[in-house]
Amino acid sequence: MFSKLSDPTRWVIPAILEEMAVALPDKRWIETTSGDFFDFSRAAADMHRVSGYLTELGIERGDHVAVLMGNSVDFVRVWLGITRLGAIAVLLNPELSGSFLSHQLNTAECTLAIVDDTLVPQLKAIELDLPFLNRVIVLGEQPPC
């Protein structure tokens, strides 16, 4: 059991995950319908790897990072990594496009977007309308340029 239950300010997924990775490293934490799964140890390691990568990119606590991805293990990795940094994960519906998508990205002032490769065309179509977005990370197979 998580040792910080008496302190609501510590009820954050990264803290819980790090503690559980030590206490129950091989216990399954999340499993997808396709059979992919995370045990606590793997989830914590992936969370640290993603947060380290984002730190190298200059992402800091409070920065807004757009996540335009379908449901997947990669989505969980990205969400955990952003959360560990204290950055704000702006989780976007992958069905958004056009002015609906640009409105969300601009209202949140996202400087970075992490996007499934299949959703890149939705960003390309509005790239001139995104003054805050500095960088896009594409996950999956890269589309032809």
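Draft legend 1. Quick look at the pattern of salt bridges. On inspection of all chains with the given rule, the structure shows six salt bridges. Residues Asp-46 and Arg-49 are paired through a salt bridge, measuring 2.2 Å at the closest nitrogen-oxygen approach. Taken together, the residues Asp-46 and Arg-49, both in helix 2 (residues 40-56) and three residues apart, mark about one turn of the helix. A residue is classified by how much of its surface remains accessible, and Asp-46, at 6% relative accessible area, is buried. We note a salt bridge from Arg-77 to Asp-46, for which the minimum N-O separation is 2.8 Å. Here the residue Arg-77 occupies a position in helix 3 (residues 73-85), and Asp-46 occupies one in helix 2, the gap between them amounting to 31 residues. Beyond isolated ion pairs, a larger network of salt bridges with shared partners links Arg-42, Asp-46, Arg-49, Asp-74 and Arg-77.

Draft legend 2. Expanded view of the pairing of strand 5 (residues 112-116). For strand 5, the tally of buried residues reaches five of five residues, placing the bulk of the element in the interior. Of the two faces of strand 5, the one lined by Leu-112, Ile-114 and Asp-116 and the one lined by Ala-113 and Val-115 are each fully buried. By the bridge criterion, four bridges tie strand 3 (residues 64-68) to strand 5 in an arrangement that is parallel. Its bridge partner lying in strand 5, Val-67 is registered against Ile-114. Sheet topology places strand 5 next to strand 6 (residues 135-139); five bridges connect them, and they run parallel. If you follow Val-115 over to strand 6, its bridge partner there is Val-138.

Draft legend 3. Layout of the nonpolar core. Counting residues in each nonpolar core, the largest one holds 18 residues, and the members touching the most others are Leu-68, Leu-92, Leu-101, Leu-105, Val-115 and Leu-123. For this core, the secondary structure elements donating two or more residues are strand 3, helix 4 (98-107), strand 5 and helix 5 (120-124). Leave out the neighbours within four places in its chain, and Leu-68 touches Leu-92, Asn-93, Pro-94, Leu-101, Ile-114, Val-115, Asp-116, Leu-119 and Leu-123. With 14 residues, the next largest nonpolar core counts Val-50, Val-67, Ile-114 and Ile-137 among its residues.

Draft legend 4. Spatial organisation of the packing of aromatic side chains. Under the definition given, this model contains one aromatic pair. Directly above the ring of Phe-37 sits Arg-28, whose terminal nitrogen or CZ lies 3.6 Å from the centroid.

Draft legend 5. Structural view of unusual backbone geometry. Its identity is not glycine, yet Glu-109 carries a phi of approximately 55 degrees, on the positive side. Its place among the elements puts Glu-109 in the loop between helix 4 and strand 5.

Draft legend 6. A look at the pairing of strand 4 (residues 88-91). Alignment of strand 3 against strand 4, held across four bridges, turns out to be parallel. Within strand 4, the position partnered with Ala-66 by the bridge is Val-90. In this fold, strand 3 hands off to helix 3, which returns the chain to strand 4; that crossover is right-handed.

Thresholds applied
- All residue numbers refer to positions counted from 1 along the written sequence of the respective chain.
- Totals for whole chains, interfaces and linings use every residue, but because this is a predicted model, local features are given only for residues with pLDDT of at least 70 and side-chain atom pairs only at 80 or more, for both listing and counting.
- The basis for every side-chain value is the complete set of heavy atoms in the structure, and neither hydrogens nor water enter the calculation.
- For this analysis, a salt bridge means a side-chain nitrogen from Lys or Arg found within 4 Å of a carboxyl oxygen belonging to Asp or Glu.
- Where helices and strands are cited, they refer to DSSP runs of H or I of at least four residues and of E of at least two residues respectively, numbered from the N terminus.
- A simple rule labels every residue: compare its accessible area, found with a 1.4 Å probe on the protein chains alone, to the largest value its type can have, and call it buried under 20%, exposed over 50%, or partly exposed in between.
- Two strands are counted as paired when DSSP detects at least two bridges linking them.
- The term nonpolar core refers to a set of buried residues drawn from Ala, Val, Leu, Ile, Met, Phe, Trp, Tyr and Cys, joined through side-chain atoms within 4.5 Å.
- Two residues form a contact once any of their heavy atoms are found within 4.5 Å.
- Aromatic rings from Phe, Tyr and Trp, taking only the six-membered ring of Trp, are treated as a pair when their centres fall within 6.5 Å; an angle between ring planes under 30 degrees marks them as stacked, one over 60 as edge-to-face, and anything in between as tilted.
- Think of it as a cone above the ring: NZ of Lys or CZ of Arg counts as a charge over the ring if it is within 6 Å of the ring centre and within 35 degrees of the ring normal.
- When the strands point away from the viewer and the path from the first strand over the helix to the second turns clockwise, the crossover is right-handed.

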